[in-house]
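An overview of the molecular structure
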Amino acid sequence: MIDTALLNVAGVSRRRAGRTAVTDVSFSLNRGEVLGLLGVNGAGKSTTLQMLAGALKPDQGTIRLDGCDFVSEPGIARRLLGWLPESAPLWPELTVEEHLRAFAALRGASRGDARAASDRIMERLQLGELRRRLAGVLSQGQRQRLGLACALVHEPALLILDEPANALDPVQVGELRKLIRERAAAGTAVILSTHVLAEVTAVCDRVAILHEGRLRHDAPLGGETGGKALEATFFTIATGAAA
Amino acid sequence: MSLAAVTRLELRRLAVRPLAWALAALTIAWLAWTFVLGLGQFLGMQVKLAAVADAPGFTDLVAIPLLAELVKLSFLVVPLMTMSLLAGERRTGTLALLASTGLAPWRIVAGKYLAVLAWLGLWLLVTLAMPLVVGFSATADWGKLAAATLGTALILATLAAMGLACSAATAFPAIAAAMALIITLALWTIDRGAQAAGVSGGFLNWLTMATHLQNLLRGLVTSEDLIWFALAIALSLILATRRLGADRERQ
């Protein structure tokens, strides 16, 4: 399984602001698999995701993406990775369309391909009407959708989503879940970090729980009873009963 | 390819940023006023100058002072143009997003540097258009004007590289601008203390930015001056790249 996995994380640790944020985290992820990453605030989720996205370098351990060392060969990320950070950072002075074309071009697409890719993703995420609107005047939900579109514009093999449902209305949350399942069915591996257990049970195949920087649980979701079992496991770990 | 994408992205952002347009409009207006004043004075001195052998001409009295005025303005304009290039992106989180596209730090730095150079190049061209228009119908010293233009372009490129390095060092654009202003002014006048003590020449004189520009403004192009500018630009860009690369370890 390790050899065929798209993503292999082995013994990754990272200190931040003088304290250990992530300690010895290891897991793997196959194509088409959706992994829910859970944890209370400060558990190390965002640090882990930033390392997976190449924005932070691990102090220890290795991250291999499609068999290549992600840290020593960061160019792989351009082809394989899409990342939506927690606050969906954007350039306020650029339009929706300019963002999408820029992200496609930054990932190596030609001008024509970038235009086609941005048209495609705008249609899929219903951003067409907003194409000429500046990012600085978008609502929080629209910003989140644009951030998601930027992460998806080059059709990545690994999609990393940090709190993607933030500020989305219930209809948009339903659309997001549908989109995640759709991408997974097309072979994209997805890591979804969230505080909302219902979101994990709705779209994830597997769940990992981080607590105090350590991976305390990594198992498939168990069918119809998965939600309740997950809730029990999460609270047991979060309240320290399993420590 | 990705380097061009970074440059295009940055140029687009510069094109829609009010600060870039406001700075361009205000400084060009100021330079045009300076040019008209200089030209008026030059025309008024024509009779006196005709009586002097080897008298300074249009290039010395109008064109080069105009470029010197642009250099003066650039100490304020360039830090304002470069302050947000990396510091602003770091603050808003878009720098981490750029890094996640797999772009090497040097590509991000070089792409942004080329974009700001393009803006500064246009600024210089518009300024230069004023003496050029008159120069074609008067007797200009084209060699001296070319050397002075080269010197001005090198100063702009050096200030931009230093501004970028300062922008790479912090997450606060205002601090980046202040740092760039202080560092470039210090480098401009670093030999003043030595001169006051009666010491001229030596390392401090070589280190001073003004020394190398003055030669070029006089029409003197020497490899020593060109090397100084090349070193200053290269060192600043290397520092910016290294600081950006360290972001992944520092945060």
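In what follows, the accompanying structure is described. Owing to the predicted nature of the structure, the values given are computational and were not obtained by experimental measurement.

In this section: the overall build of chain A. Counting secondary structure elements, chain A contains eight helices and 10 strands. Its C-alpha atoms give chain A a radius of gyration of 18 Å, near enough to 18 Å, the size a compact globule of 243 residues would have. Projecting the C-alpha coordinates of chain A onto the three principal axes gives extents of approximately 50 × 40 × 35 Å. Burial status across chain A gives 47% buried among its 243 residues. Within chain A, counting contacts between residues at least 6 apart in sequence, those at least 24 apart form 66% of the total.

Turning our eyes to something else, we now look at the packing of helix α4 (residues 58–92) of chain B against helix α6 (residues 105–135) of chain B. All names here are of chain B. Running from amino to carboxyl end, α4 crosses α6 at an angle of 160°, the nearest separation of the two axes being 11 Å. It follows from the interaxial angle that α4 and α6 lie roughly antiparallel. Along this stretch, α4 crosses α6, giving a crossing that reads as right-handed. Where α4 approaches α6, its residues F58, V62, A63, L66, L70, M81, T82 and L85 are matched on the opposing element by K112, V116, W119, L124, T127, M130, P131, V134 and G135. Considered class by class, the residues forming the contact of α4 with α6 number 13 nonpolar, three polar and one charged.

Quick look at the nonpolar core now. A149, I160, I191 and L192 of chain A together with A160 and L164 of chain B are the most contacted members of the largest nonpolar core, which totals 140 residues. The leading source of residues in this core is helix α7 (residues 142–168) of chain B, at 15 residues. Residue contacts for A149 of chain A: discarding those within four places in its chain leaves L100, I121, M122, L125 and L127 of chain A.

Residues and elements named next belong to chain A. Overall, mixed pairing links the six strands, which are arranged β6-β7-β8-β3-β9-β10 in an open sheet. Edge positions in the sheet fall to β6 (81–84) and β10 (214–220), since each has one partner strand and no second. In this sheet, adjacent strand axes meet at a mean angle of 15° when their direction is disregarded. Where strand β3 (residues 34–38) lies against strand β9 (residues 206–211), four bridges are found, and the strand directions are parallel. Along β9, the bridge assignment pairs L38 with I209. Lying over the sheet, helix α5 (residues 140–152) contacts β6 and β7 (158–162), oriented at roughly 170° with respect to β6. Along the sheet, helix α6 (residues 170–185) makes contact with β3, β7 and β8 (189–193), crossing β8 at roughly 150°.

Right, let's talk about the sheet that holds strand β4 (residues 60–65) of chain A for a bit. All names here are of chain A. With respect to topology, four strands assemble into an open sheet ordered β2-β1-β4-β5, the strand pairing being antiparallel. A single partner strand is all that each edge strand has here, and the edge strands are β2 (19–29) and β5 (68–69). Two strands pair when backbone bridges link them, and strand β1 (residues 7–16) and β2 are joined in this way by seven bridges, in the antiparallel orientation. Bridge pairing links R15 to T20 in β2.

About the cut-offs
- Residues numbered from 1 in each chain as written.
- Chains lettered and ligands numbered in written order.
- Predicted model: local features only at pLDDT ≥ 70, side-chain atom pairs only at ≥ 80, totals over all residues.
- Helix = DSSP H or I, 4+ residues; strand = E, 2+ residues; numbered from the N terminus.
- Rg over C-alpha atoms; globule rule 2.2 N^0.38 Å.
- Buried ≥ 20, exposed ≤ 12 C-beta atoms within 10 Å, placed from the backbone.
- Contact = placed C-beta atoms within 7 Å.
- Axes fitted to C-alpha atoms, helices over the stretch in contact; angles between N-to-C directions.
- Parallel < 35°, antiparallel > 145°, perpendicular 65-115°, else oblique.
- Left-handed = near helix turned anticlockwise from the far one by under 90°.
- Nonpolar A, V, L, I, M, F, W, Y, C, P; charged D, E, K, R; others polar.
- Core = buried A, V, L, I, M, F, W, Y, C linked by C-beta atoms within 7 Å.
- Pairing = 2+ DSSP bridges.

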